[in-house]
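# Fold and geometry: a report
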Amino acid sequence: MEYSTTILLSTYNGEKYLAQQLDSILAQTDQDWSLLIRDDGSSDKTKEIIDQYVSLHPTQIKQLASDKNLGVVNSFGTLLQESDSDYFFFCDQDDVWLPNKIELTKAKMKEEEMNHPESPIAIFTDLRVVDEELQTICNSFWEYSKIDPIILSTFDELCVHPAATGCTMMINKKGKECSLPFNDDVRMHDAWIILSILKNDGHINFIKDQTMLYRQHVGNVVGAINENDSYFLNRIKEIKNVIKKNQQQWKMIKRLGFSSLPKYLYLKVTYRHKYNTKHK
């Protein structure tokens, strides 16, 4: 059977939560999907869990052969390169998808494709932030991290302030084509893909609904930061990490054609004011 949608999942030592995530995908209201998994060199029981699900659901769940650790960016890049479909979702190993995630996102994609035929397109959504036991920390990740996807909608703004969380994203085939290949300057696959789509005259749109539970735990590669209570304290505590992330971001966006450091600094500073003015 041919499926129009491929879900891409990169795993690494994810035995604790992986089965719960896979079960949530299997419970989707839209079943027109295949799942392609690439393990990035796990040393726990992750591969055993994958093998079990592949054997139970061989028509929908496939595993990409892998023999080394590439890191999260290149692992997802490999998955995207090796898959063929009309649409692609990106999936993390430790979250839980709400039952209508695929259905809602695909409907928005179809609507966007009607308005912009033959264009690269990405759709993303809000998330519900939860703890290790899936207890709600905040109903809206956008509220929690002070993200406004209406303000953050242009190429320049998104070069400085990423708005789309990769584990909520869906792209079409044109979006895949303009995003590959990844290069050494790609900081995170989701930001690179969104910016590549906009750079190639594509379109992005979003759904305000929370379509998944975004689990926060000590092993998160990228987690949710509460920007409401301690924004400047967070920045002081993490100044070295912030500098490193901004250096990596700058290298990536320079590769895509953003070359004005004054503009970068200006947009970095003014977004907070724009957000606070709109949401006070």
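Okay, so let's go over this structure. Note that the structure is a prediction, hence the values are computed from the model and not measured.

Rules of the game
- Residues numbered from 1 in each chain as written.
- Predicted model: local features only at pLDDT ≥ 70, side-chain atom pairs only at ≥ 80, totals over all residues.
- Heavy atoms only, no water.
- Helix = DSSP H or I, 4+ residues; strand = E, 2+ residues; numbered from the N terminus.
- Buried < 20%, exposed > 50% of the residue type's maximum accessible area, 1.4 Å probe, protein only.
- Pairing = 2+ DSSP bridges.
- Right-handed = clockwise from strand over helix to strand, strands pointing away.
- Contact = heavy atoms within 4.5 Å.
- Disulfide = S-S within 2.5 Å.
- Phe/Tyr/Trp six-rings, centres within 6.5 Å; stacked < 30°, edge-to-face > 60°.
- Lys NZ or Arg CZ within 6 Å of the ring centre and 35° of its normal.
- Core = buried A, V, L, I, M, F, W, Y, C linked by side-chain atoms within 4.5 Å.
- Axes fitted to C-alpha atoms, helices over the stretch in contact; angles between N-to-C directions.
- Parallel < 35°, antiparallel > 145°, perpendicular 65-115°, else oblique.
- Left-handed = near helix turned anticlockwise from the far one by under 90°.
- Nonpolar A, V, L, I, M, F, W, Y, C, P; charged D, E, K, R; others polar.

### Observations concerning unusual backbone geometry
That bond from Leu-180 to Pro-181 is cis: its omega, 0 degrees, falls within 30 degrees of zero. Inspection of the secondary structure puts Pro-181 in the loop between helix H7 (173–179) and helix H8 (189–199). The backbone of Glu-118 sits at a positive phi, close to 65 degrees, despite the residue not being glycine. Within the secondary structure layout, Glu-118 lies in the loop between helix H4 (101–115) and strand S6 (121–130). The exposure class assigned to Glu-118 is exposed, which follows from its relative accessible area of 67%. Phi at Leu-134 takes a positive value of approximately 70 degrees, unusual for a residue other than glycine. Along the polypeptide, Leu-134 turns up in the loop between S6 and strand S7 (136–138).

### Observations concerning the pairing of strand S2 (residues 34–39)
Counting buried positions over the 6 residues of S2 gives 6, a clear majority of the element. The alternating pattern of S2 places Ser-34, Leu-36 and Arg-38 on one face and Leu-35, Ile-37 and Asp-39 on the opposite face, and all of these are buried. As paired elements, strand S1 (residues 5–11) and S2 share 6 bridges and run parallel to each other. Residue Thr-6 lies in a different strand from S2, and its bridge partner there is Ser-34. As for the winding sense of the linkage, the β-α-β connection from S1 through helix H1 (residues 18–26) to S2 is right-handed. Examined bridge by bridge, S2 and strand S3 (residues 61–63) share 3 bridges and lie parallel to one another. Among the inter-strand pairings, Leu-36 is bridged to a residue of S3, identified as Lys-62. Regarding topology, helix H2 (residues 46–56) serves as the crossover connection from S2 to the parallel S3, and that connection is right-handed.

### Re the environment of Leu-267
Secondary-structure assignment places Leu-267 in helix H11 (residues 261–279). Ignoring any residue separated from it by four or fewer positions in sequence, one finds Leu-267 in contact with Asp-156, Glu-157, Val-160, His-161 and Phe-258.

### Observations concerning the state of the cysteines
All chains considered together, the criterion is met by 0 disulfides. Left unpaired, Cys-138 is separated from the closest cysteine sulfur, that of Cys-167, by 15 Å. On the basis of relative accessible area, Cys-138 is assigned to the buried category, the value being 14%. As a non-bridged cysteine, Cys-167 has Cys-91 as the owner of its nearest cysteine sulfur, 8.1 Å distant.

### A short note on the packing of aromatic side chains
With the rule as written, the count across this model stands at 10 aromatic pairs. Ring geometry for Phe-89 and Trp-97: centres 5.7 Å apart, planes at 50 degrees, overall tilted. A ring pair is formed by Trp-250 and Phe-258, whose centres lie 6.2 Å apart and whose planes are at 85 degrees; its orientation type is edge-to-face. Overall, Trp-250 belongs to the buried group, its relative accessible area being 19%. On the basis of relative accessibility, which here comes to 4%, the residue Phe-258 falls in the buried class. Lying over the aromatic face of Phe-155, Lys-199 brings its terminal NZ or CZ to 5.4 Å of the ring centre.

### Observations regarding H8
For H8, a buried count of 10 out of 11 residues is recorded, marking the element as mostly surrounded by other parts of the structure. Among the residues making up H8, those that are buried are His-189, Asp-190, Ala-191, Trp-192, Ile-193, Ile-194, Leu-195, Ser-196, Ile-197 and Leu-198. Looking one or two residues beyond H8, the residue adopting positive phi is Asp-201, at roughly 60 degrees.

### Topic: the side chain of Ser-24
Along the chain, the position of Ser-24 falls in helix H1. Among the residues examined, Ser-24 registers a relative accessible area of 7% and is labelled buried. Other than its neighbours up to four places away in sequence, Ser-24 contacts Val-96 and Trp-97.

### Side note on the nonpolar core
Core analysis: the biggest nonpolar cluster contains 76 residues, and Ile-7, Leu-35, Ile-171 and Phe-258 have the highest contact counts within it. Among the elements that make up this core, the one with the highest residue count is H8 (7 residues).

### Digging into the packing of helix H10 (residues 239–255) against H11
Helices that pack against each other are described as a pair by the angle of their axes relative to one another and the distance between those axes. The contact between H10 and H11 brings their axes to 12 Å, and the two run at 125 degrees. Of the possible angle classes, the one that applies to H10 and H11 is oblique. Regarding H10 and H11, the two cross each other, and that crossing is right-handed. Residues Asn-246, Gln-249, Trp-250 and Ile-253 of H10 form the contact with H11, whose own contacting residues are Leu-261, Tyr-264 and Lys-268. Classifying every residue of the contact of H10 with H11 gives 4 nonpolar, 2 polar and 1 charged.

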